[in-house]
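# Chain and residue survey
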Amino acid sequence: MVGLKEELLKSIWHAFTALDLDRSGKVLSHNLCTVLNVPHDPVALEEHFRDDDEGPVSNQGYMPYLNKFILEKVQGNFDKVEFNRMCWTLCAKKNLSKSPLLISDEDAFKVWVIFNFLSEDKYPLIIVPEEIEYLLKKITEAMGAGWQQEQFEHYKIALNISREGLSVWELIDLIGSGQFSKGMDRQTVSMAINEVFNELILDVLKQGYMLKKGHKRKNWMERWFVLKPNIISYYVSEDLKDKKGDIILDGNCCVEALPDKDGKKCLFLIKCLDKTFEISASDKKKKQEWIQAIQTTVNLLRAGSPPPHKEARQKRKELRQKLLAEQEELERQMKELQAANENKQKELETVRKQLEAAAARASEEEKKRLQTQVELQDRFSLELEREKSVRQQMEEQVAQKSSELEQYLQRVRELEEMYKQLQEALEDEKQARQDEETVRKLQARLLEEETAKRAELEKWHLQQQQTIQMTEAEKQELENQRMMKEQALQVAMQQLKQLELERKEALEQYEEVKKKLETAANNTKSWKDKVAHHEGLIRLIEPGSKNPHLITNWGPAAFTEAELEERQRSWKGKKATSE
């Protein structure tokens, strides 16, 4: 409601400023109540416009009445065009230019309404250059002409020099003069203004002829469709006089393309909660444009966003407010810099005065210095004369002293030579003392080391004496043990030799036995399998198994444990077979 109130106030402001409220305020209030569908309050109206001095008949006093008794009661169920036309009628006759214009009064009225939509929210109302450019671009695009940016930039520069923007009457004169619509006739300009008016004021997002399928008779009829932010209205013709119905749009609606059928092409479907509408566009391009426009409108309803042109206007205003705030901040900073600059200027002026005072003092001091210099020059001249006489005497003395000086210099050279020799001798002596000190320190360190080693050797000697005494007995005992071990070693050597002989004999016997075993193996190979079927009565003599053997009371057993287990399993199997 706040945005609606601001829109109403702009139109009322024009009528308000055009009338003499002392005589016509009642007429304005009565007309406002009529077009806004607000109940009349004759008592409050008469009370407000009393002719005595206490009645608030001034411009300032009319606004409280307007807000309290009219605007606060507005519900939105009124015709905005009729409201604007009433305000236009009250102010146009007084303010509209008398010079001939390229546009009609009806077009001027539409420009006046568009101005109220695009103007700034401050009074007196003006439209800033950015919004003028936006409006002129829209009108130029609607006419199908090219936008002359350079021409507008020159106009904008001239406008910014003199003022911040244009009033509504100046805007009407600008558009009516044809400055930005050269080469276009009145009808083209009028159609362009009407198209922009429909979009910005009547919220017409798209309009045009299409065929609609009936819900009852299922026949196809041509209708003029008008798309708005929350509704699609369709009429018999584009004059909008005979309205046939509405399609209410909300976030649940959707639009779908349909294939051609029943001889109709470019079909699409609008689905709502209670009804479905089949529509046929004139061509594929129109079909796609309508589907896209309806889908965009539904998406805006789902998001709760305003129409695109209102959202764009709000963004432009926010951008201008941001730029204005930045400009104000820049002006504030400039003022601060200017104040700081003025302070610096004052400081510089103070310094300049101090420098001038210092220069004056320096001038006085310079005069005194020059006077003192003159006096010093006179005194110096006298002293110079005196100095000349003294100098002559001194030259004589210098000549006398020259010979003495020559002798003295010779003596000095000799002394210097002696000093150098003495210095070298001192350096040699100093170096010798350093060497002597180094040698002395080395001798002291060696002496300390020798003392420490001597003490350590004495300690080792005592330990060695004790060790010798302890090891004498051990040595004797070890000698006895060594003798015994040597004897045992000799005995062991003899036994080893004996064993070697026995091993050789055993090897010889083993070779003989091996040959006998090979012979026996060859002899018994033919009948070995026959004997193997018996149950252990006869067993061939073979090399012993590496596995452990069973031991009986009579010696090693003839079979191993594994063989016995195999024999046992064989007996059990035969026994089970016989049973």
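This section reports on the structure supplied with the text.

Here is what the cut-offs are and how they apply
- Residues numbered from 1 in each chain as written.
- Predicted model: local features only at pLDDT ≥ 70, side-chain atom pairs only at ≥ 80, totals over all residues.
- Heavy atoms only, no water.
- Phe/Tyr/Trp six-rings, centres within 6.5 Å; stacked < 30°, edge-to-face > 60°.
- Helix = DSSP H or I, 4+ residues; strand = E, 2+ residues; numbered from the N terminus.
- Lys NZ or Arg CZ within 6 Å of the ring centre and 35° of its normal.
- Buried < 20%, exposed > 50% of the residue type's maximum accessible area, 1.4 Å probe, protein only.
- Patch = residues over 30% accessible without salt bridge, like charges linked within 9 Å, V, L, I, M, F, W, Y side chains within 5 Å.
- Areas by Shrake-Rupley, 256 points an atom, 1.4 Å probe, with all protein chains shown as cover.
- Salt bridge = Lys/Arg side-chain N within 4 Å of Asp/Glu carboxyl O.
- Lys, Arg positive; Asp, Glu negative; His and termini not counted.
- Charge placed at Lys NZ, Arg CZ, Asp CG, Glu CD.
- Disulfide = S-S within 2.5 Å.

A few words now on the packing of aromatic side chains. Under the criterion given, the structure shown has 15 aromatic pairs. Taking 6.5 Å as the distance between ring centres and 50 degrees as the angle between the ring planes, the aromatic pair formed by Phe-109 and Phe-197 counts as tilted. Of this pair, Phe-109 sits in helix H6 (residues 105–118) while Phe-197 sits in helix H10 (residues 186–200), placing them 88 residues apart in sequence. Taken together, the ring pairs in this structure connect Trp-88, Phe-109, Trp-112, Trp-169 and Phe-197 into an aromatic cluster. Lying over the aromatic face of Phe-109, Arg-85 brings its terminal NZ or CZ to 4.3 Å of the ring centre. The ring of Tyr-134 is capped by Arg-316, whose NZ or CZ atom sits 3.7 Å from the centre of that ring.

Tracing the chain through its elements places His-309 in helix H12 (residues 308–524). Residue His-309 is classed as buried on the basis of its relative accessible area of 4%.

Right, let's get into a negative patch on the surface. A grouping of Glu-416, Glu-417, Glu-424, Glu-427 and Asp-428 is seen on the molecular surface, where their side chains present a negatively charged patch. Turning to its location among the elements, Glu-427 is positioned in helix H12.

Tallying each qualifying case throughout the model produces 0 disulfides. As a non-bridged cysteine, Cys-254 has Cys-253 as the owner of its nearest cysteine sulfur, 7.5 Å distant. Owing to a relative accessible area of 25%, Cys-254 belongs among the partly exposed residues under this scheme.

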